Amino acid sequence: MTTIRKAVFPAAGLGTRFLPATKAQPKEMLVLVDKPIIQYGVEEAVASGVDNIILVTGRGKNAIEDHFDVSIELETFLEARGKTELLAEIRKVSNLINFAYVRQGEPLGLGHAVLVTKELVGQEPFAVILGDDVIDADPPALRQMVDVFDRVQGPVLAVERVPEESVSSYGIVQIAETLGDGVYRVKDLVEKPRREDAPSNLAIIGRYILTPDIFPALKATVADRTGEIQLTNGLRRLLQDRPIYACEVKGVRHDTGNKLGFLKAVVYFALRRPDLAEPFRKYLRENAGI
Ligand code: G1P
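Residues numbered from 1 in each chain as written. Predicted model: local features only at pLDDT ≥ 70, side-chain atom pairs only at ≥ 80, totals over all residues. Heavy atoms only, no water.

**Student:** Tell me about the overall build of the protein chain, and please be specific about residues and values.
**Tutor:** Looking only at helices and strands, the protein chain has 11 helices and 13 strands in total. Based on the C-alpha atoms only, the size of the protein chain along its principal axes is roughly 60 × 50 × 40 Å. Counting the 290 residues in the protein chain, one finds 46% classified as buried. By sequence separation, contacts in the protein chain at least 24 residues apart represent 75% of the contacts at least 6 residues apart. Computing the positive centroid from 37 side-chain charges and the negative centroid from 40, the protein chain places the two 3 Å apart. (Helix = DSSP H or I, 4+ residues; strand = E, 2+ residues; numbered from the N terminus. Buried < 20%, exposed > 50% of the residue type's maximum accessible area, 1.4 Å probe, protein only. Contact = heavy atoms within 4.5 Å. Lys, Arg positive; Asp, Glu negative; His and termini not counted. Charge placed at Lys NZ, Arg CZ, Asp CG, Glu CD.)

**Student:** Any chance you could break down the side chain of Glu44 for me, citing the residues and the numbers?
**Tutor:** For Glu44, the position within the fold is in helix 1 (residues 37–47). The class for Glu44 is buried, based on a relative accessible area of 6%. In this view, Glu44 contacts Ile135, Pro140, Ala141, Leu142 and Arg207; residues no more than four positions away in its chain are not counted.

**Student:** Could you give an account of the site of the ligand, with specific residues and numbers?
**Tutor:** Every residue lining the ligand is accounted for by Leu110, Leu130, Asp133, Tyr170, Gly171, Glu191, Lys192, Ile204, Gly206, Tyr208, Gln230 and Thr232. Within the side chain of Glu191, an N or O atom sits 2.7 Å from an oxygen atom of the ligand. Taking Ile204, its main chain carries an N or O atom lying 2.6 Å from an oxygen atom of the ligand. Considering the ligand on its own, with 380 Å² of exposed area, one finds that the protein chains cover 76% of that surface. Put simply, the ligand lies in the largest pocket. The biggest single contributor to the shell around the ligand is strand 11 (residues 202–210), with 3 residues. When grouped by side-chain class, the residues that make up the shell around the ligand number 5 nonpolar, 4 polar and 3 charged. (Near = heavy atom within 4 Å. Polar contact = N/O pair within 3.5 Å; in protein donor to acceptor, adjacent residues only side chain to side chain. Areas by Shrake-Rupley, 256 points an atom, 1.4 Å probe, with all protein chains shown as cover. 1 Å grid on protein atoms, 1.4 Å probe; cavity = no way out; pocket = protein on both sides within 12 Å on 5 of 7 lines; lining within 4 Å. Sits in = over half its atoms within 2 Å of the grid points. Nonpolar A, V, L, I, M, F, W, Y, C, P; charged D, E, K, R; others polar.)

**Student:** How would you sum up the packing of helix 10 (residues 259–271) against helix 11 (residues 277–287)? Please name residues and give values.
**Tutor:** At a minimum axis distance of 8 Å, the contact between helix 10 and helix 11 shows a crossing angle of 130°. Classified by the angle between their axes, helix 10 and helix 11 sit oblique to one another. In this structure, helix 10 contributes Val267, Ala270 and Leu271 to the contact, and helix 11 contributes Ala277, Phe280, Arg281 and Leu284. Looking at the contact of helix 10 with helix 11, its residues break down into 6 nonpolar, no polar and 1 charged. (Axes fitted to C-alpha atoms, helices over the stretch in contact; angles between N-to-C directions. Parallel < 35°, antiparallel > 145°, perpendicular 65-115°, else oblique.)

**Student:** Tell me what's going on with helix 1, and back it up with residues and numbers.
**Tutor:** Counted residue by residue, helix 1 has 8 buried out of 11 residues, so it is predominantly covered. Turning to helix 1, its buried residues are Ile37, Ile38, Gln39, Tyr40, Gly41, Val42, Glu44 and Ala45. In the segment just after helix 1, Gly49 is the residue with positive phi, at about 105°.

**Student:** Quick rundown of the pairing of strand 1 (residues 6–10)? Include the residues and the values.
**Tutor:** For strand 1, the tally of buried residues reaches 5 of 5 residues, placing the bulk of the element in the interior. What you see with strand 1 is no split at all: Lys6, Val8 and Pro10 on one side and Ala7 and Phe9 on the other are buried throughout. Bridging between strand 1 and strand 4 (residues 52–57) involves 5 bridges; their strand directions are parallel. Along strand 4, the bridge assignment pairs Pro10 with Val56. Where strand 1 meets strand 6 (residues 126–129), 2 bridges bridge the pair, whose relative direction is parallel. Looking at strand 6, one finds that Ala7 is bridged to Ala127. (Pairing = 2+ DSSP bridges.)

**Student:** Residue-level account of unusual backbone geometry, with values.
**Tutor:** Working note: non-glycine residues mostly have negative phi, and peptide bonds are mostly trans. Between Leu19 and Pro20 the backbone carries a cis peptide bond, its omega angle lying at 5°. Among the secondary structure elements, Pro20 is positioned in the loop between strand 1 and strand 2 (31–32). The linkage connecting Asp138 with the following residue, Pro139, adopts the cis geometry, with an omega of 0°. Within the secondary structure, Pro139 is located in the loop between strand 7 (133–136) and helix 7 (141–152). The phi angle at Val33 is positive, at roughly 65°, despite the residue not being glycine. In this fold, Val33 is placed in the loop between strand 2 and strand 3 (35–36).

These figures capture arrangement, not role.
Below, the structure is given as structure tokens:
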């Protein structure tokens, strides 16, 4: 049984869609109920067997490092006030896992963000998690993918069927072969096609299990017309040398990278919280006609 030990979290983006909230705070730290978005992804990775997180960051992202670090002042304060439950919660965050940080330097795209982790990843299969995509699933989304990796022994991309009008927001996968149970062998992939050019509506959602041969493939991948090195194009190149697989993850995905998706995720997670569900549902019911 394979264990994926390392997960890469690209987190260098500027988060312009959420300005002004993200002027002085990373978008990864925006909160769904009471947890920053990135913590959902980190907890998923931990629950899937990962024990090293590699965060690709940039300027202004210190709050993420601080969040997952020990806060002696805060712990002392909570201890002195006898707030044991909160203290345990805070310690849980900093005890989660090992973190390593690498800076992207220039914003040259997702493929480039993965490329800068080459030395930290080394020669083993690894995961890439795009924190914007928060997936509520049991077993966790990445765990489902590790099980598929075990079966196929090759790169695995998480995919989901999206409405046709949305294909231009995603990497889209063309299927060569159906292997059963939502697993496919990939024939081709294309980054953000126009609706009329899309080979299907199977969209890559933000989870990948990659093998180290993605690094030379990314190195050989030229920037697209926006000046970015796309991970999808790196995978397309890799596809010439080895089979790549896609799997439909069973769970509920939220795209928290846009305002509507973010708001839906807040409501979704609030309604699943035992301490909030009832009064919040009552509030929504009473105000639904607004
Ligand atoms: C990235 C990838 C895209 C993928 C998407 C999933 O795009 O480039 O292939 O479908 O994440 O969220 P982004 O959303 O960063 O523009």
